[in-house]
Amino acid sequence: MTISISQFLLLAILSFVASAVGGEKPRGVTYDGRSMIINGNRELLFSGSVHYPRSPPEMWHDIIRKAKEGGLNLIQTYIFWNIHEPIQGQFNFEGNYDVVKFIKMIGEQDMYVNLRIGPYIEAEWNQGGFPYWLREVPNITFRSYNEPFMHHMQKYAEMVISLMKKEKLFAPQGGPIIMAQINTCNGRHCADTFTGPNGPDKPSLWTENWTAQYRTFGDPPSQRAAEDIAFAVARFFAKDGTLTNYYMYHGGTNFGRTSSSFVTTRYYDEAPLDEFGLKREPKWSHLRDLHRALRLSRRALLWGTPTVQKISEDLEITVWEKPGSDCAAFLTNNHTKLPSTITFRGQKYYLPEKSVSILPDCKTVVYNTQMVVAQHNSRNFIASEKAKNLKWEMYQEKVPTINDLPLKNREPLELYSLTKDTSDYAWYSTSISFNRHDLPMRPDILPVMQIASMGHALSAFVNGEFVGFGHGNNIEKSFVFQKPVLLKPGDNHITILAETVGFPNSGAYMEKRFAGPRGITLQGLMAGTLDVTLNNWGHKVGIFGEKEEIFTEEGAKKVKWTPVSGPPPGPITWYKTYFDAPEGNSPVALKMDKMQKGMMWVNGKHLGRYWVSFLSPLGQPTQSEYHIPRAFLKAKDNLLVIFEETGGHPETIEVQTVNRDTICSIISENRPPNVKSFHRSGNNFNVIVEDLKEGAQLECPEKNQVIKQVEFASYGNPDGACGNLYLGNCTSPNSLKVVQNHCLGKNTCAIPVEREAFDDPTKDPCPNTFKTLAVQAKCALP
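Quantities reported herein were computed from a predicted structural model and do not represent experimental measurements.

*Asks:* Can you tell me about the overall build of the protein, naming the residues and giving the values?
*Replies:* For the protein, the count of helices and strands is 15 helices and 45 strands. In summary, the protein has a C-alpha radius of gyration of 30 Å against a globular reference of 28 Å for 782 residues, a match within 12%. Across its three principal directions, the C-alpha atoms of the protein cover 95 × 70 × 50 Å. The 782 residues of the protein split such that 58% are buried.

*Asks:* Could you give an account of helix α14 (residues 735-743), naming the residues involved and the relevant values?
*Replies:* Listed as buried for α14 are S735, V738, V739 and C743. Along α14, the residues classed as buried sweep out an arc of 110 degrees about the axis, all on the same side. α14 presents K737 and N741 as exposed residues on the side facing more than 90 degrees away from its buried surface. In this structure, the buried side of α14 is in contact with β40 (696-699), β41 (706-716), β44 (748-751), α15 (755-758) and β45 (772-780). At the exit of α14 stands G745, carrying a positive phi of roughly 80 degrees.

*Asks:* Any details on the environment of S668? Residues and values, ideally.
*Replies:* By secondary structure assignment, the location of S668 is in strand β37 (residues 654-668). Sequence spacing of S668 and A774 is 106 residues, and the spatial spacing of their C-alpha atoms is 8.7 Å.

*Asks:* Please provide a residue-by-residue account of the sheet that holds strand β7 (residues 177-180), values included.
*Replies:* Spatially, β7-β6-β5-β4-β10-β9-β8 is the arrangement adopted by the 7 strands of the open sheet, whose pairing is parallel. Every interior strand has two partners, whereas the edge strands, β7 and β8 (185-187), have only one. Mean inter-strand twist for the sheet, computed between neighbouring axes without regard to direction, equals 25 degrees. With 3 bridges joining them, strand β6 (residues 112-116) and β7 adopt parallel strand pairing. Bridge pairing in β7 links N114 to M179.

*Asks:* How would you explain the sheet that holds strand β30 (residues 562-563) if you had to name every residue and give the values?
*Replies:* Backbone-to-backbone hydrogen bonds pair the strands of a sheet. The strands run either parallel or antiparallel. On the basis of which strands lie adjacent, the open sheet formed by 6 strands has the order β30-β19-β31-β36-β33-β34 and antiparallel pairing. In this open sheet, the two edge strands, each paired with only one partner strand, are β30 and β34 (605-611). Note that strand β19 (residues 393-396) and β30 share 2 bridges and pair antiparallel. From the neighbouring strand, E393 faces β30, where its bridge partner is P563.

*Asks:* Tell me about the packing of aromatic side chains, and name the residues and values.
*Replies:* One pass over the full model with this rule turns up 39 aromatic pairs. Seen from their ring centres, W60 and F102 are 5.3 Å apart, and the 70 degrees between their planes marks the pair as edge-to-face. Placement of the pair is W60 in helix α2 (residues 57-69) and F102 in helix α4 (residues 99-108), with a sequence separation of 42 residues. The pair formed by W60 and F102 is uniform in burial state, with each residue classed as buried. Ring geometry for W427 versus F461: centroids 6.0 Å apart, planes at 55 degrees, classification tilted. Taken together, the residues W427 in strand β21 (residues 425-434) and F461 in strand β23 (residues 457-462) connect sequence positions 34 residues apart.

*Asks:* Account for the nonpolar core, with residues named and values stated.
*Replies:* One finds L134, M164, L290, L294 and I358 to be the most contacted residues of the largest nonpolar core, which totals 87 residues. Take this core: its biggest share by element is 10 residues, from helix α6 (residues 147-166).

*Asks:* Could you give an account of the environment of L640, naming the residues involved and the relevant values?
*Replies:* Along the polypeptide, L640 turns up in strand β36 (residues 638-644). Counting along the chain gives 63 residues from L640 to T577, while the straight-line C-alpha distance between them is 5.4 Å. Not counting chain neighbours up to four residues away, the residues in contact with L640 comprise W392, Y575, K576, T577, F579, L590, W601 and V602.

*Asks:* Can you tell me about the environment of A171, naming the residues and giving the values?
*Replies:* Among the secondary structure elements, A171 is positioned in the loop between α6 and β7. Here the alpha-carbon distance between A171 and G570, two residues 399 residues apart in the chain, equals 57 Å.

*Asks:* Quick one: what's the story with the state of the cysteines, residue by residue and with numbers?
*Replies:* Considering all chains together, one arrives at 4 disulfides under this definition. Disulfide partner of C664: C722, at an S-S distance of 2.1 Å. The disulfide joining C664 to C722 has a torsion of about 75 degrees about its S-S bond and is therefore right-handed. Here C664 is found in strand β37, whereas its partner C722 is found in the loop between β42 (719-721) and β43 (724-726), with 58 residues between them in sequence. Judged on exposure class, the residue C664 and its partner C722 are both buried. The residue that forms a disulfide with C700 is C779, at a sulfur-sulfur distance of 2.2 Å.

About the thresholds
- Residues numbered from 1 in each chain as written.
- Predicted model: local features only at pLDDT ≥ 70, side-chain atom pairs only at ≥ 80, totals over all residues.
- Heavy atoms only, no water.
- Helix = DSSP H or I, 4+ residues; strand = E, 2+ residues; numbered from the N terminus.
- Rg over C-alpha atoms; globule rule 2.2 N^0.38 Å.
- Buried < 20%, exposed > 50% of the residue type's maximum accessible area, 1.4 Å probe, protein only.
- Arc of directions from axis to C-beta.
- Contact = heavy atoms within 4.5 Å.
- Pairing = 2+ DSSP bridges.
- Axes fitted to C-alpha atoms, helices over the stretch in contact; angles between N-to-C directions.
- Phe/Tyr/Trp six-rings, centres within 6.5 Å; stacked < 30°, edge-to-face > 60°.
- Core = buried A, V, L, I, M, F, W, Y, C linked by side-chain atoms within 4.5 Å.
- Disulfide = S-S within 2.5 Å.

Note that every value here comes from positions in space, so none of it alone points to a role or purpose.
Quick look at the structure:
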């Protein structure tokens with residue numbers, strides 16, 4: 001075959017859509033070498049990835065609305081094969097998996113959809129979206145021109161396309177889907193890394209502009225500055241790009257067991273909309289302002305001709321101009337450390353380091369990627385008053401022996417094919433007998449049990465007593481577990497609870513990856529090392545409480561719970577409690593600081609995996625707070641169940657509310673005006689506010705809130721980030737008073753960023769310094 005798998009799917013989609021019956025508002029979608037063309041109109045497309053399974057349906061409308069308010073006109077989503085066809089031939093498109101409802105919601109807000117149907121999606125999703133049953137198709141090789149794989153891939157793709165067509169969701173039917181299954185540029189700086197489309201009649205599209213990075217357990221925080229994203233996007237559009245897609249715009253939560261190997265429950269929290277659907281500032285607003293600046297330049301970008309003038313190695317001027325009408329300029333400073341001044345058409349323009357200034361009329365700077373004029377904020381986790389004083393009860397799993405486990409084999413079975421993705425857990429057990437002469441005679445010497453595992457984690461027990469816990473990591477799944485063990489004369493039972501943390505999601509031969517214990521030895525016996533790998537083993541998939549669903553109201557009645565008192569009982573223990581829904585309507589989270597590793601359920605809904613004991617190189621958990629969607633809660637008596645694998649302190653678990661009520665503004669004297677100060681009507685480019693230097697602006701996140709406290713203010717050279725601002729060596733002594741006078745008790749306020757507003761110009765404490773105003777305030781109900 002001469003076409004790629006993705007091209008094959010695109011052709012299949014086009015053949016289906018071409019035969020579609022037109023709806024009430026059919027959309028013609030085509031393209032040329034400059035842009036996508038929708039209903040005969042060229043479009044600049046600002047897109048964001050939002051994945052429907054990673055948020056409950058009750059959150060979808062708000063997330064889509066905030067995306068639109070952020071300047072997006074396109075939402076991109078994958079179709080997740082394994083959630084829709086978990087059992088071959090049995091389909092599920094309901095509830096959280098109702099992709100049709102999700103797409104229709106996007107269309108109702110007058111936005112477009114880019115549908116990526118896969119079948120392989122990667123996406124840090126279990127097995128890259130492939131259902132487990134596909135792994136067991138005879139002679140299959142994933143992601144190749146393999147006959148069994150191609151057969152099932154085509155069958156799945158046609159099913160998805162038929163569903164979309166039936167629901168009239170494609171653009172020629174009047175639906176919002178304008179694109180499907182593109183493959184273009186992925187990365188952080190496609191303006192400099194993308195060599196262009198594979199033909200002169202195709203536009204430059206950026207499918208995945210990574211807003212940060214997903215995180216695996218054990219990772220330090222992932223960061224990507226709003227300024228860096230804006231710089232990359234402005235450069236891409238200056239170089240003839242017409243679509244960028246932020247991956248992710250809202251990451252959401254990996255509920256249940258959906259994430260791939262070692263990936264955290266929280267997904268792309270550094271996106272413009274964080275895990276809880278709250279605006280992460282200034283990322284959300286700085287990109288919104290960028291989209292507005294580019295739209296002010298759209299006529300020149302879409303119908304003009306570009307010219308590039310290289311001033312120096314780092315300085316560049318790109319002009320898009322249609323003679324006699326439209327002109328837009330992009331002034332670029334590529335130097336990562338030094339600002340510069342550039343002369344363009346007789347005017348001098350200041351360019352901070354690594355920045356692009358956008359001039360929609362080739363005269364006026366309305367936006368600079370490095371100069372953030374948008375509001376900042378900081379996230380707060382607050383202990384709920386209504387959901388405190390939790391009363392915990394416990395139930396401890398029994399450690400089985402080989403006699404309790406039904407599936408026997410000479411050696412330990414491979415873990416992936418044993419569990420078939422129905423559970424993270426499987427028991428392994430064997431029995432061995434010693435006499436007293438086999439064991440060390442000295443009391444200060446113990447034998448050592450060594451388990452070579454292909455991944456991902458395990459808890460080991462000898463004669464029902466916990467020996468220890470071991471695990472790999474995202475880079476190296478395999479590991480070697482070594483612990484001293486207390487053996488006795490007579491029969492000894494070695495039991496292992498082997499654990500997966502998701503299936504792999506990328507790379508070749510995914511169907512041939514393996515996990516679980518593969519070699520078990522006892523070292524330090526009187527006769528030396530004893531290999532018990534081929535000693536005959538019993539196996540069982542899952543744990544008792546999981547099979548009996550004791551995380552539900554009905555299932556919880558099947559076991560006897562006892563109050564938690566005294567020291568925690570240790571590993572493989574279930575805990576349950578009840579709590580009332582927290583006050584207000586802010587998002588809700590569980591703080592799991594003193595727990596270790598396990599799973600969480602609320603009212604029978606699987607919140608996902610937690611792993612607080614896996615510390616990053618900074619000595620901190622990768623994730624401590626875990627999202628409980630409000631949609632999962634009742635007003636009272638919500639059942640919270642935790643399965644703790646290795647031992648924790650449930651009394652320290654805290655139900656919290658989440659807000660971004662700490663707001664900040666960090667504005668310099670030499671900033672450009674806010675892009676909202678400008679408007680274009682036809683060929684006319686207009687100023688729509690009189691005072692272009694309108695100052696620092698603060699706005700509480702909710703309309704019914706006011707600024708109750710100014711926590712920090714400095715007009716001088718302050719530094720830091722919102723939530724952690726600090727003074728420099730120069731500040732006006734009047735800073736706090738001026739800000740309080742302008743802002744206290746108000747929902748919104750503007751503070752002039754002018755020396756005269758803070759000090760007598762003759763008494764400037766640092767007259768030769770460009771000033772910055774940094775303000776941090778707290779919003780609350782009046």
